[in-house]
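Spelled out from the first residue to the last, the chains are:
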Amino acid sequence: MAGFGKTLGRAVTWPLTLVARAVDPPLRVWQRWTGTGGMAAVFLAPNLAIFGVFVLIPLVLNFVYSMTGGTGILLDQRSFIGMEQYGRLLECEDYTRRITCREDQFWTAVTNTATFVIFQVTLMVTVSLITALILNRNIRGRGFFRAVFFFPVLLSPVVVGLIWRWILQRQGLLNLITVNLGLEPEVWLNDRFYAFAATVGVSTWAHMGFYTLILLAGLQAIPRDLYEAAEMDATPPMRVFRRITLPLLGPNFAVVLVLALIRGVQIFDEVYVLTGGGPGTSTLYLTQYIYEVGFASILRNPGLAAAASILMGAVLVVLTLLQLWFSRRAEGRRAR
Amino acid sequence: MGRIVLKGITKSFGNAEVIHGIDLEIGEGELVVFVGPSGCGKSTLLRLIAGLDRPTSGRIEIDGEDVTRVSAADRGLAMVFQSYALYPHMTVRQNLSFGLENTRMPKSEIASRIDEAGRMLEIGDLMERRPTQLSGGQRQRVAIGRAIVRNPTAFLLDEPLSNLDAELRGTMRAELAQLHERLATTMIYVTHDQVEAMTLADRIVVLRKGMVEQVDTPLGLYNQPQNLFVAGFIGSPNMNFFRIRATGGSAELPGGLKVPVPCDGEVTIGIRPQNLKLAVDDAPALEGEIRLVEALGAETVIHADAVDGTPMVTVLSGQPALGAGQRIRLTFDELPHLFGTDGMRLNPH
């Protein structure tokens, strides 16, 4: 049995040994020539290649596309038009009235996304924090509840959208319950307010487990002694939360805020499946606008979609830098 | 103020009982040290007194009032934690004032208490620093300061010096003793370091496996240990033990030295290493072979095996010319400690 295990082990490692033997001499020469810095470059190279092919080149291409016109997909079918696409997106007669903008759908999507982000991030952070605080307590079945709250994170966004559409549609589960309770059925997803609330609620439900986990890790890193010292000092629970828990949770909080903000701006899949941007354009968010302009509409305009995505990227970069600045300042203040 | 009484205290975690019915009285202004090996229940007992844990049964009284079910906040006690438990995001001043602000004390009163504690502990110039900017000793002072400003009925100190280096520990130990003298407030001090216990305590409570083995003054414990555990735990190096069968009112140590014993049968003879000295004549002595010699300058610690194989240690003053492998003959002036088969003390001493 031991002999068989040894043979199996050799069979598995044999190809690796061959590769190792083949790359060893040139790597030794390379290390002698460039030192350990050069070796680091060798090990980073595969990752950099993947990053280059799948992130950097598309990013540059996207920027190039944003300065081209026409409906063709291939670059040689498109004409260079400079910053015209950006001008088209940003041109308005009166910035307080969307209808006067040349690309009013873009502004609708921007307004919808901003509203969505404000509500969704606030709700997400609040609910995640409350859930983390509850799960951090010594409650019965804590492990089970942690798994339950994290479970939606494992679902594909399309599945999330389908589940909730099945619940919220005209003949869905929710209406079945309301009818059984003797109430009038509601057309949830055809109502502007309910549809918006559904997108906020569903995306919060789908992602809160992840943020709860980050906050829970932060809560568990706060030494128990600090709470016991506060208990000896007769500190009321709200003051403990405000003066001890929240400040010490700061770095985790900043991470959660940045990630929730970025994902909020990028929201697409579950909302597209759930409401399709409707009713009308009431849940049309920026990523869906980009997708529809670039690929789905009859008069597709990849250049305009690329310009919109560049603008969205710029906003995300600014938001991220702002958040990082805030969190570093907070950490610096704590260290002083 | 500050009399603490424990009556039949037990504590269980699940099915495991870790404190088995402890009765103890701590007098007003007394400094009592809980000492014992790891896992003996000393910190658990302190947490029960603090109110951070609830006893499974029994009663805790502070100044005659039953506080068993009273919350930690309402017991009027202050605790110094092993980790110091300073709030890392607050300055020293904020750390000191945090507990007082909870009581809605006037700001002027808070400021004056902080200034007084700052002067007493010499941390006045550290008030605007955060704990990360302080040394271990300074953090320790701030932790003590946080307890002092509350003007508590009693201080509870959970291994407060264990995170400091040996030199600083010695300094802080002396400062704590002075502080206790100045404040004259009851202090309960938990440590596993018997030097701390011996030097600081008015009385020491020796704990083992959740039970009190002996309560006495430091010298009382050293001179009259009531059982084998206390005899072995208190004193450094540990007491030498010889299990011998006594007949005719005496027991013969390895080598032929006889010790008077009040009863016949199996006894354990305990001799402190400091009480042994080199035998100078040919009279019967405690004999053995030297295994290791530790020359410390002012004194020499000799590890040897008695002729019957029992390990023994002796501390001789000066620098005797002895080496490993040599025969050694020892004797003593003081009557040794005698313990029966149940491990309890036989002689009144």
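Residues numbered from 1 in each chain as written. Chains lettered and ligands numbered in written order. Predicted model: local features only at pLDDT ≥ 70, side-chain atom pairs only at ≥ 80, totals over all residues. Heavy atoms only, no water.

Under an unreviewed UniProt entry, the name given to chain B is sn-glycerol-3-phosphate ABC transporter ATP-binding protein UgpC, and the source organism is Paracoccus alkanivorans. According to the UniProt record, the Sequence similarities (unreviewed entry) comment for chain B reads "Belongs to the ABC transporter superfamily." (UniProt positions renumbered as here; feature names shortened; annotations may be inferred.)

Per an unreviewed UniProt entry, chain A goes by Sugar ABC transporter permease and derives from Paracoccus alkanivorans. The UniProt entry for chain A carries the following comment under Sequence similarities (unreviewed entry): "Belongs to the binding-protein-dependent transport system permease family." UniProt's Subcellular location (unreviewed entry) comment on chain A is quoted here verbatim: "Cell membrane".

### Re the overall build of chain B
Summing up its helical and strand segments, chain B has eight helices and 20 strands in all. Based on the C-alpha atoms only, the size of chain B along its principal axes is roughly 80 × 45 × 35 Å. Here chain B holds 349 residues, and 52% of them are scored as buried. Where the 35 positive side-chain charges of chain B centre and where its 43 negative ones centre are 6 Å apart. (Helix = DSSP H or I, 4+ residues; strand = E, 2+ residues; numbered from the N terminus. Buried < 20%, exposed > 50% of the residue type's maximum accessible area, 1.4 Å probe, protein only. Lys, Arg positive; Asp, Glu negative; His and termini not counted. Charge placed at Lys NZ, Arg CZ, Asp CG, Glu CD.)

### Focus: the packing of aromatic side chains
Going through the model one piece at a time under the given rule, you end up with 18 aromatic pairs over all chains. Aromatic pair A:Phe144 and A:Phe145: ring centres 5.5 Å apart, planes at 70°, arrangement edge-to-face. The exposed category is assigned to A:Phe144, whose relative accessible area is 55%. Between the aromatic rings of A:Phe210 and A:Tyr211, the centroid separation amounts to 5.4 Å while the plane-to-plane angle is 70°, which identifies the pairing as edge-to-face. Residue classification places A:Tyr211 among the buried positions, given a relative accessible area of 1%. A cation sits over an aromatic face here: B:Arg146 above B:Tyr87, 5.1 Å from the ring centre. Across the ring face of B:Tyr222, the terminal group of B:Arg272 is positioned such that the distance to the ring centre comes to 4.0 Å. (Phe/Tyr/Trp six-rings, centres within 6.5 Å; stacked < 30°, edge-to-face > 60°. Lys NZ or Arg CZ within 6 Å of the ring centre and 35° of its normal.)

### Description of the interface of chain A and chain B
Residue-level contacts link 21 residues of chain A with 26 residues of chain B. Looking at the side of chain A facing chain B, the largest losses of area belong to A:Met232, A:Asp233 and A:Arg243, adding up to 33% of the total buried there. Taken together, the connections running from chain A to chain B amount to four salt bridges. Measuring nitrogen to oxygen at the nearest pair gives 2.5 Å for the salt bridge that ties A:Glu228 to B:Arg47. For the interface between chain A and chain B, the tally reads 10 residue pairs in polar contact (both at pLDDT 80 or more). Secondary-structure elements contributing two or more residues to the side of chain A that touches chain B are helix 8 (224–232), helix 9 (237–248) and helix 13 (302–335) of chain A. Residue classes in the side of chain A that touches chain B are distributed as 10 nonpolar, one polar and 10 charged. (Contact = heavy atoms within 4.5 Å. Buried area = accessible area lost by both parts, 1.4 Å probe. Salt bridge = Lys/Arg side-chain N within 4 Å of Asp/Glu carboxyl O. Polar contact = N/O pair within 3.5 Å; in protein donor to acceptor, adjacent residues only side chain to side chain. Nonpolar A, V, L, I, M, F, W, Y, C, P; charged D, E, K, R; others polar.)

### Regarding the pairing of strand 14 (residues 265–271) of chain B
Residue and element names in this part refer to chain B. The buried fraction of strand 14 is high, at six of seven residues. With seven bridges connecting them, strand 11 (residues 240–246) and strand 14 associate as antiparallel partners. Bridge pairing in strand 14 links Asn240 to Ile271. Judged from the three bridges that link them, strand 14 and strand 20 (residues 337–339) form a sheet pairing that is antiparallel. Bridge assignment links Thr268 to a residue of strand 20, and that residue is Phe339. (Pairing = 2+ DSSP bridges.)

### A short note on the domain arrangement of chain A
Considered domain by domain, chain A is made up of domain 1 (2–56) and domain 2 (105–335). A straight line from the C-alpha centre of domain 1 of chain A to that of domain 2 of chain A covers 41 Å. (Domains from an automatic or database assignment.)

### Some thoughts on the domain arrangement of chain B
All names here are of chain B. By the assigned domains, chain B splits into domain 1 (4–228) and domain 2 (237–346). For domain 1 versus domain 2, the separation of C-alpha centres amounts to 39 Å. Buried surface at the junction of domain 1 and domain 2, summed over both partners, amounts to about 770 Å²; 57% is from carbon and sulfur atoms. Of all residues in domain 1, Tyr222, Pro225 and Leu228 bury the most surface against domain 2, accounting for 66% of the area lost on that side. Summed over the shared surface of domain 1 and domain 2, the number is four residue pairs in polar contact (both at pLDDT 80 or more). Per element, the largest residue contribution to the side of domain 1 that touches domain 2 is three residues, and it comes from helix 7 (residues 218–223). Across the side of domain 1 that touches domain 2, the residue classes tally to four nonpolar, four polar and no charged.

### What to know about the side chain of B:Thr185
All names here are of chain B. When you line up the elements, Thr185 lands in the loop between helix 5 (166–183) and strand 8 (186–191). For Thr185, a relative accessible area of 14% puts it in the buried group. Not counting residues up to four positions away in its chain, the partners in contact with Thr185 are Gly29, Glu30, Pro152, Thr153, Ala154, Phe155 and His180.

### Observations concerning the sheet that holds strand 1 (residues 4–13) of chain B
Spatially, 2-1-4-5 (chain B) is the arrangement adopted by the four strands of the open sheet, whose pairing is antiparallel. With partners counted over all chains shown, the strands left at the sheet margins are strand 2 (16–26) and strand 5 (65–66) of chain B, one partner each.

### Describing a nonpolar patch on the surface
All names here are of chain A. Taken together, the side chains of Ile50, Phe51, Val53, Phe54, Val55, Leu56, Ile57, Leu59, Val60, Leu61, Val64 and Leu75 define a hydrophobic patch exposed on the protein surface, amounting to about 1100 Å² of accessible area. On the secondary structure map, Leu75 appears in the loop between strand 1 (68–69) and strand 2 (79–80). Residue classification places Leu75 among the partly exposed residues on the basis of a relative accessible area of 35%. (Patch = residues over 30% accessible without salt bridge, like charges linked within 9 Å, V, L, I, M, F, W, Y side chains within 5 Å. Areas by Shrake-Rupley, 256 points an atom, 1.4 Å probe, with all protein chains shown as cover.)

### Observations concerning the UniProt feature "transmembrane region" (unreviewed entry) in chain A
In the numbering adopted here, UniProt assigns the feature "transmembrane region" (unreviewed entry) to residues 40–65, 114–135, 147–167, 193–219, 240–262 and 304–326 of chain A. A distance of 30 Å separates the end C-alpha atoms of residues 240–262 of chain A, which is 96% helix and 0% strand.

### Focus: unusual backbone geometry
That bond from A:Gly278 to A:Pro279 is cis: its omega, 0°, falls within 30 degrees of zero. Within the secondary structure, A:Pro279 is located in the loop between helix 11 (269–274) and helix 12 (286–296). In this structure, the amide linkage connecting B:Ser236 to the following residue, B:Pro237, adopts the cis form with an omega of -5°. Within the fold, B:Pro237 resides in the loop between helix 8 (228–233) and strand 11. The backbone of A:Ala234 shows a phi angle near 60°, a positive value even though the residue is not glycine.

### Thoughts on the UniProt feature "domain: ABC transporter" (unreviewed entry) in chain B
UniProt records the feature "domain: ABC transporter" (unreviewed entry) at residues 4–234 of chain B, using the numbering of this structure. Strand forms 26% of residues 4–234 of chain B and helix 36%; the C-alpha atoms that close the span are 25 Å apart.

### Considering the state of the cysteines
Residues and elements named next belong to chain A. Under the counting rule described, the total for this entry stands at one disulfide over all chains. Across the disulfide, Cys92 is cross-linked to Cys101 (sulfur-sulfur distance 1.8 Å). Judged by the sign of its S-S torsion, about 100°, the cystine formed by Cys92 and Cys101 is right-handed. Here Cys92 falls in the buried class, since its relative accessible area comes to 13%. (Disulfide = S-S within 2.5 Å.)

### Describing the packing of helix 5 (residues 157–168) of chain A against helix 7 (residues 192–221) of chain A
Residues and elements named next belong to chain A. One way to put it is that helix 5 packs onto helix 7 with a least axis distance of 11 Å and a crossing angle of 135°. The angle between helix 5 and helix 7 falls in the class oblique. Between helix 5 and helix 7 lies a crossing of right-handed hand. Here Val160, Trp164 and Leu168 of helix 5 lie close against helix 7, whose contacting residues are Ala198, Val202, Trp205 and Ala206. In terms of residue class, the contact of helix 5 with helix 7 is built from seven nonpolar, no polar and no charged. (Axes fitted to C-alpha atoms, helices over the stretch in contact; angles between N-to-C directions. Parallel < 35°, antiparallel > 145°, perpendicular 65-115°, else oblique. Left-handed = near helix turned anticlockwise from the far one by under 90°.)

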